[in-house]
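Listed below are the residues making up each chain.
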Amino acid sequence: MTWKNDLQGFDEPPAPPSLREIALAYLKIALSSFGGGLSAWARQIIVEEKRWLSDEAFLSALTFSRILPGANQVNLAVFVGTTLRGAPGALAALTGLLALPLAIAVAFGMAYLSFSQNPLVSLVLSALTATSIGMTLATGFSISRRLPWHPATLLVAGASFVAIGPMKWPLLPVLVALIPLSVALHWRTAERKAP
Amino acid sequence: MALLGAIAQVFLPLSLMAFGGGNTIIAEIQRLVVDLHGWVTAEEFSGMYAISQAIPGPSMMIVTLLGLAAGGLGGALVSTIATFGPCSALVYALARQWDRAKDAPWRGAVERGLAPVAIGLIFAGGWALGREILDNPWEYAILALSTFVLARWNVNPLKLMVAVGTLALGAGILLGG
């Protein structure tokens, strides 16, 4: 277990938590994330409160979760669970993270399917839909702001938008073409930027 | 059973294509469930996306709502497990190798290379969601205003949703909607 090294920064390395503790911690993270901020809550509870990972190990885990495909927070939960207790730990974290959102989604989904014809409901939902699309665009803008922009960056972002948005091409071939190209182009920008 | 199988088939490969997070595959999910299978209309899809953004939990919870619409409770379970299963298995398989790659030069290049692809896909998702359902000037006004407010200030999105929803409800009642 190489993971023990991550805990060296603490005076007393805590004993591995039980599966129940892992599931409950993730239930709490899911509950706290009403309105977003899942990453921040995961850090608060995993690092500050439970001291299961050091800050550095958490950041490394977050990077890992972002590089691999999938919902970042789901990946992070699986990584944290695996680190703490192997496969059962991963399942416990996943269950804790997804149980409540799943139940809430089903409840809201049933309500939506039976009331979506009501004119007042559909009016409110149109307004909320416009807001949620705004959330999506705002996410795009705030990630864009944090990026060092090179001509290649703009080219790749533009190509992936046009191919999937207006052109409606299937995602897989677009990714197969764009990701290796983009990584290759940004390998060089990385080298140039290194002091 | 055939329907549940079809649902699993749609959602199983999706998460493995979500490079850069759940928001990057919205346009692809819409293409599959609206255009290809016709399980929901474009308007329902966008309504469900709005709901999935308002509830707690990870991005991509829209898959649960879509599964529910396509195949009831069983559909919701199948779509959720099919979506989160493959990427979880991949993370589990690679988690123990990750430490060894700590100083590998490809790590930075992969991160930097994936970012612009993800940004393009996120905007494509916004495009796909808005294209067929925004038809009133006031919807565009709300879209522009929410984008500006959220991108400019660190507002809790749920608070913005509650505010917009309340205003819309008030306007609807006043105008006799």
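Residues numbered from 1 in each chain as written. Chains lettered and ligands numbered in written order. Predicted model: local features only at pLDDT ≥ 70, side-chain atom pairs only at ≥ 80, totals over all residues. Heavy atoms only, no water.

Some points on a positive patch on the surface
A grouping of Arg-66, Arg-145 and Arg-146 of chain A together with Arg-152 of chain B is seen on the molecular surface, where their side chains present a positively charged patch. By the secondary structure assignment, Arg-145 of chain A is in helix α5 (residues 119-145). The class of Arg-145 of chain A is exposed, set by a relative accessible area of 58%. (Patch = residues over 30% accessible without salt bridge, like charges linked within 9 Å, V, L, I, M, F, W, Y side chains within 5 Å. Areas by Shrake-Rupley, 256 points an atom, 1.4 Å probe, with all protein chains shown as cover. Salt bridge = Lys/Arg side-chain N within 4 Å of Asp/Glu carboxyl O. Lys, Arg positive; Asp, Glu negative; His and termini not counted. Charge placed at Lys NZ, Arg CZ, Asp CG, Glu CD. Helix = DSSP H or I, 4+ residues; strand = E, 2+ residues; numbered from the N terminus. Buried < 20%, exposed > 50% of the residue type's maximum accessible area, 1.4 Å probe, protein only.)

Side note on the side chain of Ser-144 of chain A
Its location among the elements puts Ser-144 of chain A in helix α5. Here the side chain of Ser-144 of chain A touches Gly-140 of chain A through a polar contact of 2.6 Å, landing on its backbone oxygen. Setting aside chain neighbours within four positions, we find Ser-144 of chain A in contact with Trp-149 of chain A together with Ile-119 and Phe-123 of chain B. (Polar contact = N/O pair within 3.5 Å; in protein donor to acceptor, adjacent residues only side chain to side chain. Contact = heavy atoms within 4.5 Å.)

Considering the interface of chain A and chain B
Across the boundary between the two partners, chain A contributes 88 residues, which contact 96 residues of chain B. Between chain A and chain B, the buried area comes to about 8,400 Å², and carbon and sulfur atoms account for 78% of it. When the area that chain A buries against chain B is broken down by residue, the three leading residues are Ile-67, Pro-69 and Lys-168 of chain A, summing to 8%. At the junction of chain A and chain B, the tally comes to one salt bridge. Across the salt bridge formed by Asp-35 of chain B and Lys-168 of chain A, the nearest N and O atoms sit 2.5 Å from each other. Summed over the shared surface of chain A and chain B, the number is 12 residue pairs in polar contact (both at pLDDT 80 or more). Mapped by element, the contributors of at least two residues to the side of chain A that touches chain B are α3 (55-67), α4 (72-115), α5, α6 (151-164) and α7 (171-193) of chain A. Counting residues per element, the side of chain A that touches chain B draws most heavily on α5 of chain A, which supplies 23 residues. (Buried area = accessible area lost by both parts, 1.4 Å probe.)

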